[in-house]
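For reference, the chains in residue letters:
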Amino acid sequence: MNRVLTIEPGNLSLRAARAILSGGVTIDLSGEWRAKVEASAKTVSDIIETGDVVYGVNTGFGILARNTIPDEQLRELQVRLVRSHQTGVGKPLPDEIVRLILVLKACSLARGYSGVRPLLVETLVAMANRGIYPCIPEKGSVGASGDLAPLAHMAAALIGEGKVCVDGKTMDASSALADAGLSPVRLEAKEGLALLNGTQVSTALALKGLFGAEDAFCAGLTSGALSIDAMKGSDTPFDPRIHEIRGHQGQIDVAAILRSLMDGSVIRDSHLECDRVQDPYSLRCQPQVMGACLDHIRHAAITLKTEANAVSDNPLVFSEQGEILSGGNFHAEPVAIAADQLAIAIAEIGALSERRTALLVDPVMSGLPAFLVANPGINSGFMIAQVTAAALASENKSLAHPASVDSLPTSANQEDHVSMATYAARRLAAMCENTIGIIAIEFLSACQGLEFHRPLETSLALAIARNTIRSRIPAFDEDRELASDIEAVSTMITTHELLAPVVTTLFPSLGSS
């Protein structure tokens with residue numbers, strides 16, 4: 001049975017957003033949202049009765065805003081808006097993303113500034129809870145005016161049109177709603193526009209990328225510490241005094257985590273008096289590089305949490321003053337720039353990990369057998385695993401090119417600057433998959449390196465990670481297919497099996513807030 005996840009509109013936590021993506025929750029909205037929504041809808045109906053002309057209520061859209069629509073056509077205006085904006089192309093978004101989109105849109109409308117009836121909020125939540133996921137093509141949004149095309153496909157399902165996915169099967173929205181005991185919504189004035197305007201698609205995709213970046217970051221800290229021990233590296237560069245005098249919080253935090261992960265390593269104690277002066281940068285500069293990534297991931301998290309709770313449609317209804325104001329909260333530039341920050345961090349986490357794997361397989365740099373195999377020559381060992389890591393890291397470099405600096409005018413130059421947030425956020429999933437693959441290769445390589453130091457042991461924290469891997473993947477004695485091993489460790493990363501308790505304090509989505 002699903003657990004109930006209670007959300008107060010405007011106060012969705014990152015941990016709750018992660019839970020919605022993971023599934024297994026039933027959404028329940030709390031607070032005084034209904035009264036606020038009813039007041040907002042009444043303001044719209046009152047303004048219509050006065051005969052005032054208000055954008056999106058009784059006018060056309062975009063450059064057609066100069067066209068006034070008679071009262072008897074206001075409902076039809078909203079339906080035609082939904083139909084005309086269904087122009088998405090590409091594969092359908094995954095169910096988990098659509099589930100989060102539905103909840104984000106419901107929470108935004110429930111803030112009471114969109115002029116819709118409570119029925120819309122209730123139906124969106126019901127669809128999420130009953131697993132009725134609109135088929136939303138992944139491409140077609142430029143991130144202003146909001147995610148128009150993808151949200152039109154979402155809205156179509158709400159009114160009983162288009163396709164939905166239920167239990168992995170595609171079916172007509174009208175049939176799925178009927179099977180669930182739900183009725184198609186008959187849109188009133190402004191309601192179609194409120195559904196289509198907004199950044200919920202970009203935000204849901206970016207949140208998925210954020211949580212993937214967090215998972216990769218946490219795994220990369222543990223794999224990095226394992227690599228240090230496998231190569232008999234020094235923990236002196238993690239001395240807190242070094243990092244405190246520079247002052248960057250992420251750097252300070254990463255150094256502390258690395259010290260904790262390596263604490264008690266017998267391998268480290270065995271070479272305290274060695275003649276090596278300094279380790280390569282990918283080992284000793286982990287606090288500086290990973291710390292910078294941590295700071296940017298945290299900043300992106302703040303932005304995306306704000307946007308997840310935002311009212312981002314247009315125009316906006318301020319019931320207490322009886323006013324409807326037209327602005328631009330649909331412009332997803334904050335999401336686009338946050339996604340670009342995440343892309344850079346994800347790429348750098350992977351780039352640093354790949355460099356450590358390159359060191360591990362190099363006998364000159366690591367002091368270990370060539371390509372981490374006891375009998376090189378007849379065995380190629382981890383030679384091509386490192387090539388795969390290099391290929392993934394290089395692919396991420398291209399994907400990390402910022403999307404937010406791009407813009408093409410749309411809607412006859414009325415919408416003359418757009419954010420490209422949807423693509424900026426969507427590419428993060430592929431980047432996270434690449435980086436997690438790189439880190440999985442490092443985990444395997446570092447664990448293999450530790451085999452050559454037996455009977456000396458690593459720290460308790462690192463031994464737990466090593467033993468988790470070894471419980472399913474044996475040490476490498478002679479050449480074998482490694483793709484399945486890489487996939488298995490990648491799964492361990494995404495399911496948090498390799499998540500060291502000490503790193504869970506770094507991110508709110510993994511903690512209690």
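Refer to the structure presented above.
Model, not experiment: these values are computed from the prediction.

(A) Just the packing of helix 2 (residues 33-50) against helix 5 (residues 118-129), in detail. At their nearest, the axes of helix 2 and helix 5 sit 9 Å apart, and the two run at 130° to each other. In terms of orientation, helix 2 and helix 5 fall into the oblique class. Residues Trp 33, Arg 34, Val 37 and Glu 38 of helix 2 form the contact with helix 5, whose participating residues are Pro 118, Val 121 and Glu 122. Its residues assigned to classes, the contact of helix 2 with helix 5 comprises four nonpolar, no polar and three charged.

(B) Representation of the nonpolar core. Core analysis: the biggest nonpolar cluster contains 169 residues, and Leu 195, Leu 207, Phe 217 and Phe 443 have the highest contact counts within it. Among the elements that line this core, the one with the most residues is helix 9 (residues 200-230), at 17 residues. Contact partners of Phe 217, with chain neighbours within four places excluded, come to Val 254, Met 290, Cys 293, Leu 294, Ile 297, Ile 349, Leu 506 and Phe 507.

(C) Fine view of the sheet that holds strand 7 (residues 169-172). Ordered in space as 4-6-7, the three strands form an open sheet in which the pairing is antiparallel. Each of the sheet's edge strands pairs with one partner strand only, and the pair in question is strand 4 (133-134) and strand 7. Strand direction decides the pairing type here: strand 6 (residues 163-166) and strand 7, joined by four bridges, are antiparallel. Bridged to Lys 163 within strand 7 is Asp 172.

(D) Just the packing of aromatic side chains, in detail. Tallied over the full model, the rule gives three aromatic pairs. On the numbers, 5.2 Å between centres and 55° between planes, the contact of Phe 382 with Phe 476 is tilted. With Phe 382 in the loop between helix 16 (363-366) and helix 17 (383-399) and Phe 476 in the loop between helix 19 (460-470) and helix 20 (483-494), this pair connects stretches of sequence that are 94 residues apart. Comparing Phe 382 with Phe 476, the two get one shared label, buried.

(E) Local environment of the environment of Gly 264. Structurally, Gly 264 can be placed in the loop between helix 11 (249-262) and helix 12 (266-269). Exposure remark for Gly 264: the relative accessible area of 54% places this residue in the exposed category. On a C-alpha basis, the gap between Gly 264 and Ile 242 in space is 21 Å, while along the polypeptide they are 22 residues apart. When residues no more than four places from it in sequence are discounted, the contact partners of Gly 264 are Thr 458 and Ser 459.

(F) Structural detail: the packing of helix 17 against helix 18 (residues 421-451). Viewed as axis vectors pointing N to C, helix 17 and helix 18 meet at an angle of 160°, and their least axial separation amounts to 9 Å. Accordingly, the angle class assigned to the pair helix 17 and helix 18 is roughly antiparallel. For the crossing formed where helix 17 meets helix 18, the hand is left-handed. For the pair helix 17 and helix 18, the contacting residues are Ala 385, Thr 388, Ala 389, Leu 392, Ala 393, Glu 395, Asn 396 and Leu 399 in the first and Tyr 423, Arg 427, Ala 430, Met 431, Asn 434, Thr 435, Gly 437, Ile 438 and Ile 441 in the second. Taken together, the residues of the contact of helix 17 with helix 18 break down into ten nonpolar, five polar and two charged.

(G) Spotlight on a nonpolar patch on the surface. Together, Met 383, Ile 384 and Val 387 line one region of the surface with nonpolar side chains, adding up to about 250 Å² of accessible area. Here Met 383 shows up in helix 17. By relative accessible area, Met 383 is classed as partly exposed at 32%.

(H) Representation of the pattern of salt bridges in the model. For the structure shown, the criterion picks out 22 salt bridges. Across the pair Arg 472 and Glu 497 runs a salt bridge, and its minimum N-O distance is 2.2 Å. Placement of Arg 472 in the loop between helix 19 and helix 20 and of Glu 497 in the segment after helix 20 is noted, with a sequence separation of 25 residues between them. The partly exposed category is assigned to Arg 472, whose relative accessible area is 48%. Bridged by salt links that share partners, the residues Arg 18, Glu 214 and Asp 215 form one connected network.

(I) Structural view of the side chain of Asp 229. Here Asp 229 is to be found in helix 9. Although Asp 229 is buried, it makes no salt bridge; Arg 268 carries the closest opposite charge, 6.6 Å away. Apart from the residues within four sequence positions on either side, Asp 229 is in contact with Met 262, Ser 265, Ile 267, Arg 268, Leu 450, His 453, Thr 458, Ser 459 and Leu 462.

Basis of the calculations
- Residues numbered from 1 in each chain as written.
- Predicted model: local features only at pLDDT ≥ 70, side-chain atom pairs only at ≥ 80, totals over all residues.
- Heavy atoms only, no water.
- Axes fitted to C-alpha atoms, helices over the stretch in contact; angles between N-to-C directions.
- Helix = DSSP H or I, 4+ residues; strand = E, 2+ residues; numbered from the N terminus.
- Parallel < 35°, antiparallel > 145°, perpendicular 65-115°, else oblique.
- Contact = heavy atoms within 4.5 Å.
- Nonpolar A, V, L, I, M, F, W, Y, C, P; charged D, E, K, R; others polar.
- Core = buried A, V, L, I, M, F, W, Y, C linked by side-chain atoms within 4.5 Å.
- Buried < 20%, exposed > 50% of the residue type's maximum accessible area, 1.4 Å probe, protein only.
- Pairing = 2+ DSSP bridges.
- Phe/Tyr/Trp six-rings, centres within 6.5 Å; stacked < 30°, edge-to-face > 60°.
- Left-handed = near helix turned anticlockwise from the far one by under 90°.
- Patch = residues over 30% accessible without salt bridge, like charges linked within 9 Å, V, L, I, M, F, W, Y side chains within 5 Å.
- Areas by Shrake-Rupley, 256 points an atom, 1.4 Å probe, with all protein chains shown as cover.
- Salt bridge = Lys/Arg side-chain N within 4 Å of Asp/Glu carboxyl O.
- Lys, Arg positive; Asp, Glu negative; His and termini not counted.

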